[in-house]
Structures are given as structure tokens and as C-alpha cells.
Amino acid sequence: MARWFAFLLTMLGTWLLTNTNINLFSLGWFISGISTTMWTYFAFKDKDVPRALMEVMYLTLSLRAVYNWING
């Protein structure tokens, strides 16, 4: 059930990030960061290290994007 929720968050975050309303970008990055945190946990739980590392990289970039958006 949690994986489906993470999937829905991923879809929502992606929809917000591909929208033309730039006021929603920070929310989109925030939601994407939450879903990526969940997917990172699932990957480590499944002992899928390459996928976990990929998710950690995306999470890092999501946090950087939110930080830059807030301070930009």
C-alpha cells in the first residue's frame, strides 16, 4: 500500500513540475523529495543498492532545487 502512495506522490510531483505555473514548482520539488525518500527506503529494504543510490542522487537534487527555489 505504501508503494502505491509513493507512486501517486511521484505522479503528483511530476505533474506539478511539468505544469506551466511556476508558483507550483517548489511544491512539486517538495512532493518529489518526499516520494523519493520513500522509494529510497523501499530500495534499501529490498537490498537493491543501485536503485537506492539512484534515488539518493535524485533526492539530493530535489532538496537542492527546493533550497535554490526558496533562496532564489
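Please refer to the structure higher up on the page.
The model shown is predicted, which means the values in this text are computed figures rather than measured ones.

Visitor: Please clarify how the overall build of the protein chain should be interpreted in this entry.
Guide: A tally of helices and strands in the protein chain yields three helices and zero strands. In sequence order, the protein chain lays out its α and β elements as α-α-α. Here the C-alpha atoms of the protein chain give a radius of gyration of 13 Å, agreeing with the 11 Å that 2.2 N^0.38 yields for 72 residues. Seen through its principal axes, the protein chain has C-alpha atoms that stretch 35 × 25 × 15 Å. The buried share of the protein chain, reckoned over its 72 residues, is 31%. Put simply, of all contacts in the protein chain between residues at least 6 apart along the chain, 51% involve residues at least 24 apart. Roughly 5200 Å² of accessible area belongs to the protein chain as shown, and the carbon and sulfur atoms make up 73% of that amount.

Visitor: Teacher, can you tell me more about the pattern of salt bridges here?
Guide: When the charged atoms of two side chains with opposite charge come close together, those side chains can pair. A complete count under the given rule lists three salt bridges for this structure. Linking Arg3 and Asp46 is a salt bridge whose minimum nitrogen-to-oxygen distance equals 3.1 Å. With Arg3 in helix H1 (residues 2-17) and Asp46 in the loop between helix H2 (25-45) and helix H3 (49-71), this pair connects stretches of sequence that are 43 residues apart. Classification of Arg3 as partly exposed rests on a relative accessible area of 32%.

Visitor: Whenever I open this one, the packing of aromatic side chains confuses me. Can you help?
Guide: Working definition: an aromatic ring pair is given by the centre-to-centre distance plus the angle between the planes. Within the structure shown, the criterion is met by four aromatic pairs. Their ring planes at 90 degrees and their centres at 6.0 Å tell us that Trp4 and Phe7 sit as a pair that is edge-to-face. With a gap of three residues between them, Trp4 and Phe7 both fall in helix H1, about one helical turn apart. For Trp4, a relative accessible area of 61% corresponds to the exposed category. Judged by relative accessible area, Phe7 falls into the partly exposed class, the value being 38%. On the basis of an interplanar angle of 80 degrees and a centroid distance of 5.4 Å, the ring pair of Trp39 and Phe42 is categorised as edge-to-face. Of the two residues, Trp39 and Phe42 are both situated in helix H2; the distance of three residues between them amounts to about one turn of the helix. Taken together through their ring pairs, the aromatic side chains of Trp39, Tyr41 and Phe42 make up a single cluster.

Visitor: Looking at this model, I keep getting lost on the packing of H2 against H3. Mind explaining?
Guide: Helix-helix packing is characterised by the crossing angle of the two axes and by the distance between the axes. Two elements in contact, H2 and H3, have axes whose closest approach is 8 Å; the angle formed by their N-to-C orientations is 160 degrees. Regarding the angle of H2 to H3, the classification is roughly antiparallel. Crossing angle aside, the handedness with which H2 passes H3 is left-handed. When its residues are assigned to classes, the contact of H2 with H3 shows 14 nonpolar, seven polar and two charged.

What counts and how
Residues numbered from 1 in each chain as written. Predicted model: local features only at pLDDT ≥ 70, side-chain atom pairs only at ≥ 80, totals over all residues. Heavy atoms only, no water. Helix = DSSP H or I, 4+ residues; strand = E, 2+ residues; numbered from the N terminus. Rg over C-alpha atoms; globule rule 2.2 N^0.38 Å. Buried < 20%, exposed > 50% of the residue type's maximum accessible area, 1.4 Å probe, protein only. Contact = heavy atoms within 4.5 Å. Areas by Shrake-Rupley, 256 points an atom, 1.4 Å probe, with all protein chains shown as cover. Salt bridge = Lys/Arg side-chain N within 4 Å of Asp/Glu carboxyl O. Phe/Tyr/Trp six-rings, centres within 6.5 Å; stacked < 30°, edge-to-face > 60°. Axes fitted to C-alpha atoms, helices over the stretch in contact; angles between N-to-C directions. Parallel < 35°, antiparallel > 145°, perpendicular 65-115°, else oblique. Left-handed = near helix turned anticlockwise from the far one by under 90°. Nonpolar A, V, L, I, M, F, W, Y, C, P; charged D, E, K, R; others polar.

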